[in-house]
Amino acid sequence: MAQRPPRKQIPESQGVSRRELLTGAGGLTLALGAVTLASAEARAADSWDRETDILVVGGGAAGCAAAVTADELGDAVLVVEKAPITGGTASKSAGVLWIPNNFSLREKGIEDDKQSCLRYMARFSYPDRYHAGNEHLGLTEREYRLLEAFYDHAAPAIDALQANGDLRIGEWRMFALDRSATDYLDNVPENTVPTGRALGPLKSDGSMGLGADLMLQYSNALKKREIPVLTNHPATRLVKDSAGRVIGLECANGDQTVRIHARKAVIFGTGGYAHNTEYTEAYQRGSFYGACAMPWSTGDFIAIGGAAGAQMGDLSTAWRSQVVLEEALRARTLAAGVFFPPGDSMVQVNRHGVRAVNEKRNYNDRTEVHQQYDASRAEYPNQLMFMVYDRRTAEAFAGAYPIPANSASSPNVLQGDTLQQLTQNLSSRLGQISNQTGGFTLSADFTANLDKTIKRFNGFARSGVDEDFLRGTAAYDTEWHQVFSPLKADSGWSATDGPNITMHPFMEEGPYYAIILAAGALDTSGGPAINHKAQVLDTHGQPIAGLYGAGNCIASPSSEAYYGAGHTLGMATAFGYIAARQAHEEPGHTA
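Here is a short report on the structure shown in this document. Small disclaimer: the values here were computed from a predicted structure and weren't measured. (Residues numbered from 1 in each chain as written. Predicted model: local features only at pLDDT ≥ 70, side-chain atom pairs only at ≥ 80, totals over all residues. Heavy atoms only, no water.)

**Structural notes on the overall build of the protein chain**
Selection criterion: In DSSP terms, a helix is any run of H or I states spanning at least four residues, a strand is any run of E spanning at least two, and both are numbered starting from the N terminus. C-alpha atoms define the radius of gyration in this analysis, and the globule rule sets the expected value at 2.2 Å times the number of residues to the power 0.38. Residue burial is assigned from relative accessible area. The probe radius is 1.4 Å, only protein chains are included, and a residue is buried under 20% of its type maximum, exposed over 50%, and partly exposed in between. Should any heavy atoms of two residues lie within 4.5 Å, those residues are considered in contact. Note on areas: Shrake-Rupley, 1.4 Å probe, and residue coverage restricted to the protein chains presented here. Charge assignment in this entry is limited to Lys and Arg as positive and Asp and Glu as negative, and neither His nor the chain termini are counted. A charge is said to be at NZ when it belongs to Lys, at CZ for Arg, at CG for Asp and at CD for Glu.
Of regular secondary structure, the protein chain possesses 15 helices and 17 strands. Here the C-alpha atoms of the protein chain give a radius of gyration of 25 Å, agreeing with the 25 Å that 2.2 N^0.38 yields for 591 residues. Overall, the protein chain is about 80 × 55 × 50 Å in size when its C-alpha atoms are taken along their principal axes. Looking at the 591 residues of the protein chain, the share that counts as buried comes to 60%. Looking at the protein chain alone, contacts between residues at least 24 apart form 78% of all its contacts between residues at least 6 apart. As presented, the protein chain carries roughly 22,200 Å² of accessible surface, and 49% of it is formed by carbon and sulfur atoms. Seen as two clouds, the 52 positive and the 65 negative side-chain charges of the protein chain have centres 2 Å apart.

Rendered as structure tokens:
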């Protein structure tokens, strides 16, 4: 570890016991209604239960990046976590970090030029306004500077975390393909480095780990640095002084209120609001059925930040993924989303029995199709989509999620010996769950249209050209298809011999199968707005002194776009790092 300034110590009388550090205490009570702002003037200095330089809220990727960075700079740091454990949603992720101009690219002599990368990010994030010849590429100055800050700090953040011994990171490669990961929009001219930006955590044996391994490394770093962590301490309200500066935070611990003084700053690195149904119904466009986020992702920073005068950014965004509807109806907290639909003799159709999307596009962009509105019919025809496949795909890709090991016996799969019978069984199932889907039904011409759709698709499979949605045209489609659509070795079926590996003609005879898909997410990505220094902005666009944000709890610096594998953790890491470095420069104060 590089030499760092001496770290300030939390006063012994206000420290954290070993038992508190390891286990936490109390319940998970959190008030999600109107939050009032505490006045520091009404509190004597000796009323603080804890004191530190920088208080980090949230023990996920953003919070941990901020905490270890602040400690490295010599600040006293304290972490509070709502859940009984640290790690957040990152701990159940693949652990990938999308980092432009990273050390792996540089070691290979690949130049990830700043202006080219900014053009890619701006093109993807703001396709309606992107213009290469305009100032700030057609973006507002704040939007542009957020993207610029990400580029400028993402790679240095990873380099510092490695140099200081907090993380062990290597190039993330595409599993069995053993090649650099392809970005989620590789097929536009703005993306001049379409592979190699994805990194991942290395295990002690040098193999690539997952999100649990990444967060274990962070957990070990917190312990090694002796950074106190209070679990089961949900934040409830910020404390400001008479000048409007954030100087602390109140947390709940069971039925007790814990007041923590932050001499320099409070950094929020908490989750989104995926499991707050009041918020998802208010802010998400169309139906939102479930998410992979940890169950504690209820958008606490929206209410807490709002009460402190924070300006809200776009609250409608999310890191989207299709989900299996019937799994989500059983439990909104999901183990996985439909990140990449497997199979080649497979299509997705809407209530009219027609395709509406390239089935092999990335999960974030593909899920947007569920929110398309038909103005002529005044309906959302894609509210639910039906993943229809034949016996070949059922057997050849058995076990590749969401296709089960045995489609004939899965509770999530409908089947029929003919398309007409499949339609009848789908209609019956939709009737059984109509109270949970707004009465969604199939159109009267569903079977006839599905038959036409499959015949048209079969023609595309034979020619190799999807004239409707360009399936298999981009490198993303074909390369990630090989990762997520592994052909089962003992299935008796051979790989497609057609010109496009993502498409194979449907069999002329049944049985046929269908899985009902709906819109969900990894987590949401809307909340208070920040600037390029990770400072939370007030309603006049000015920084709220002493308040910072990073991760899923803030309005995403990339808007709707998901640049490539590891995008969320890359953004969280970069802005957690930025927040800590900026907070370190705060003048500090006494209570």
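**A look at the packing of aromatic side chains**
Just so we agree on the cut-off: Note on aromatic pairs: the rings of Phe, Tyr and Trp (six-membered ring only in Trp) are paired at centre separations within 6.5 Å, and the planes decide the class, stacked below 30 degrees, edge-to-face beyond 60, tilted for the rest.
A full pass over the atoms with the stated rule returns 28 aromatic pairs. Between Tyr120 and Phe124 the ring centres are 5.9 Å apart and the planes differ by 50°, which places this aromatic pair in the tilted class. Of this pair, Tyr120 and Phe124 both sit in helix H4 (residues 114-125), 4 residues apart, roughly one helical turn. Considered together, Tyr120 and Phe124 belong to a single accessibility category, that of buried residues. Through a chain of ring-to-ring contacts, the aromatic side chains of Trp172, Phe175, Tyr184, Trp319, Phe339, Phe340, Tyr363, Tyr476, Trp480, Phe484 and Tyr562 assemble into a single cluster.

**Thoughts on empty space enclosed by the protein**
Heads up, the condition is: Every definition here rests on a 1 Å grid over the protein atoms only: cavities are sets of points where a 1.4 Å probe fits but cannot get out, pockets are open sets enclosed by protein on both sides within 12 Å along at least five of seven lines, and lining residues have some atom within 4 Å of a point. Grid points are joined across faces, edges and corners, and a volume is the space filled by probe spheres set on the points. For this classification, Asp, Glu, Lys and Arg are treated as charged, while Ala, Val, Leu, Ile, Met, Phe, Trp, Tyr, Cys and Pro are nonpolar and the rest, including Gly, are polar.
The full count for this structure, using the stated rule, is 1 cavity of 30 Å³ or more. Estimates place the volume of the largest cavity at around 70 Å³. Every residue lining the largest cavity is listed: Trp319, Ser525, Ala550, Gly551, Asn552, Ile554, Ser556, Pro557, Thr568, Met571, Ala572 and Phe575. Looking at the lining of the largest cavity, the element that brings in the most residues is helix H15 (residues 567-584), giving 4 residues. Tallied by class, residues from the lining of the largest cavity come to 7 nonpolar, 5 polar and no charged.

**Side note on helix H14 (residues 475-484)**
In terms of residue burial, H14 counts as a mostly covered element, since 7 of its 10 residues are buried. Along H14, the residues classified as buried are Tyr476, Asp477, Thr478, Glu479, Trp480, His481 and Val483. On its buried face, H14 is in contact with helix H10 (363-367).

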